[in-house]
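# Per-entry structural report
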Amino acid sequence: MFKVLYNEKIAPGIYKMVIDAPLIAAKAKSGQFIMIRIDEAGERIPLTIADIDGKNITIVYQAVGVTTYKLAEKKNREFVSDVVGPSGHATDIRKIGTVCCVGGGVGIAELYPVAKAYKNAGNNVIVIVGARNKELLIFKKELELLGVEIFIITDDGSIGEKGFVTDVLKRVMNSGKKIDLVYAVGPGVMMEAVSNLTKSRAIKTLVSLNTVLVDGTGMCGSCRVQVGDETKFVCVDGPEFDGHLVNFKELKIRQGLFVEQEKHACKIRGIPVI
Ligand SMILES: Cc1cc2nc3c(=O)[nH]c(=O)nc-3n(C[C@H](O)[C@H](O)[C@H](O)COP(=O)(O)OP(=O)(O)OC[C@H]3O[C@@H](n4cnc5c(N)ncnc54)[C@H](O)[C@@H]3O)c2cc1C
Ligand code: FES
């Protein structure tokens, strides 16, 4: 059993949870995730480790279906039955020059530890974050505390510029600044658009993928993704891959494989379907 120390809404439909998990906290690195199961009858879902503080880990999640809705109902000092991790490969953090970190939606929380690690390794970090509106823009304060250049962009212009993250990325690319790496995490369409943009200039681009994980150990194959001419498993080979090689078309199809079952699961539990 793992104790929930804190679980609060930080934006409409988005929650931050701090869990007492000393063994995971001692080993976890940026880019890694946990598999969490709320109770014995529950499914396992992957969530990125957004921060580590002593023996506690922080996750930030969007309530989109049965498990994340149930997670949102957890009160401080209640328990979840299983937390397994750290899973996946950590980001390969080293000093490479200028790293442009691009995040969208709840992916901004997933971007935070990576941007922090690149900064701490001595890189010049540029952060570009986007959300639908001001209310949904999370981790602004945390990112500002990193002391890096930040661009904020929203679909409706309620905070920062109006537009998409790719608009700003294009501008930064056109500014004459040499960008050594682009790291993107967020909705599939955003990571695909970022990868298409950087491919034209051959700027190395990493994307953190969010396929459907079932066992999270490389055994079931549900998380497979085509990267170049290889089949990879997001849970054990990823979650980060070369964005220029990812088959995003197939990824989208695989992400939607269980939509009907997910809708049904929400319906019978009276959970609003997103
Ligand atoms: C490596 C990785 C890290 C992730 N990190 C985060 C994070 O930090 N914050 C966050 O909000 N979300 C994250 N996700 C997505 C998150 O796992 C799903 O939103 C969650 O599983 C939804 O479960 P549900 O039962 O609430 O919703 P459901 O109704 O079951 O599903 C809603 C949607 O979530 C996705 N999904 C469902 N089950 C899974 C599953 N077992 N594995 C992956 N995706 C699934 C599908 O696209 C689905 O259409 C991550 C996914 C991966 C693969
Ligand atoms: S989740 Fe089963 S192989 Fe990756």
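Reference entry: report on the structure contained in this document.

How each quantity is defined
Residues numbered from 1 in each chain as written. Chains lettered and ligands numbered in written order. Predicted model: local features only at pLDDT ≥ 70, side-chain atom pairs only at ≥ 80, totals over all residues. Heavy atoms only, no water. Helix = DSSP H or I, 4+ residues; strand = E, 2+ residues; numbered from the N terminus. Buried < 20%, exposed > 50% of the residue type's maximum accessible area, 1.4 Å probe, protein only. Contact = heavy atoms within 4.5 Å. Pairing = 2+ DSSP bridges. Axes fitted to C-alpha atoms, helices over the stretch in contact; angles between N-to-C directions. Salt bridge = Lys/Arg side-chain N within 4 Å of Asp/Glu carboxyl O. Near = heavy atom within 4 Å. Polar contact = N/O pair within 3.5 Å; in protein donor to acceptor, adjacent residues only side chain to side chain. Areas by Shrake-Rupley, 256 points an atom, 1.4 Å probe, with all protein chains shown as cover. Nonpolar A, V, L, I, M, F, W, Y, C, P; charged D, E, K, R; others polar. Domains from an automatic or database assignment.

## Brief notes about the environment of Thr-67
Locating Thr-67 in the fold gives a position in helix 2 (residues 66–72). Judged by its relative accessible area of 8%, Thr-67 is buried. For the pair Thr-67 and Asp-39, spaced 28 residues apart in sequence, the C-alpha separation works out to 10.0 Å. The residues contacting Thr-67, other than those within four sequence positions of it, are Ile-38, Glu-43 and Ile-45.

## Examining the sheet that holds strand 5 (residues 56–62)
The strand order across the open sheet built from 7 strands is 6-1-2-5-4-3-7, with neighbouring strands paired in antiparallel fashion. The open sheet is flanked by strand 6 (79–80) and strand 7 (82–87), the only strands paired with a single partner. Where strand 3 (residues 33–37) and strand 7 come together, 4 bridges link them in antiparallel fashion. Within strand 7, the position partnered with Arg-37 by the bridge is Asp-82. This element, helix 3 (residues 107–120), spans strand 4 (45–53) and strand 5 of the sheet and lies at about 45 degrees to strand 4.

## Brief notes about the pattern of salt bridges
Pairs can form between side chains of opposite charge once their charged atoms are near each other. Applying the stated criterion across every chain, the model contains 12 salt bridges. In this structure, the salt-bridge partner of Lys-70 is Asp-39, at a minimum N-O distance of 3.8 Å. You can see Lys-70 sitting in helix 2 and its partner Asp-39 sitting in the loop between strand 3 and strand 4, a full 31 residues away along the chain.

## Here's the deal with the side chain of Asn-56
Examined against the element boundaries, Asn-56 turns out to sit in strand 5. Accessibility expressed as a relative area gives 18% for Asn-56, which makes it buried. Non-local contacts of Asn-56, meaning those with residues more than four positions away in its chain, are made with Leu-5, Val-18, Ile-19, Asp-20, Ala-21, Ala-25 and Asp-51.

## Considerations on the site of ligand 1
Taken together, 24 residues are adjacent to ligand 1, and Glu-43, Pro-46, Val-60, Thr-68 and Leu-213 come closest. At 2.7 Å from an oxygen atom of ligand 1 is found a side-chain nitrogen or oxygen belonging to Glu-43. Contacts to ligand 1 include Thr-48, whose side-chain N or O atom sits 3.0 Å from a nitrogen atom. Within the complex, 88% of the 860 Å² of free accessible area of ligand 1 lies under protein. Elements supplying a minimum of two residues to the shell around ligand 1: strand 4, strand 5 and helix 2. Ranked by residue count, the leading element in the shell around ligand 1 is strand 4, at 4 residues. Grouping the amino acids of the shell around ligand 1 by side-chain chemistry returns 12 nonpolar, 8 polar and 4 charged. Residue contributions to the shell around ligand 1 reach at least three from each of two domains, namely domain 1 (2–87) and domain 2 (98–255).

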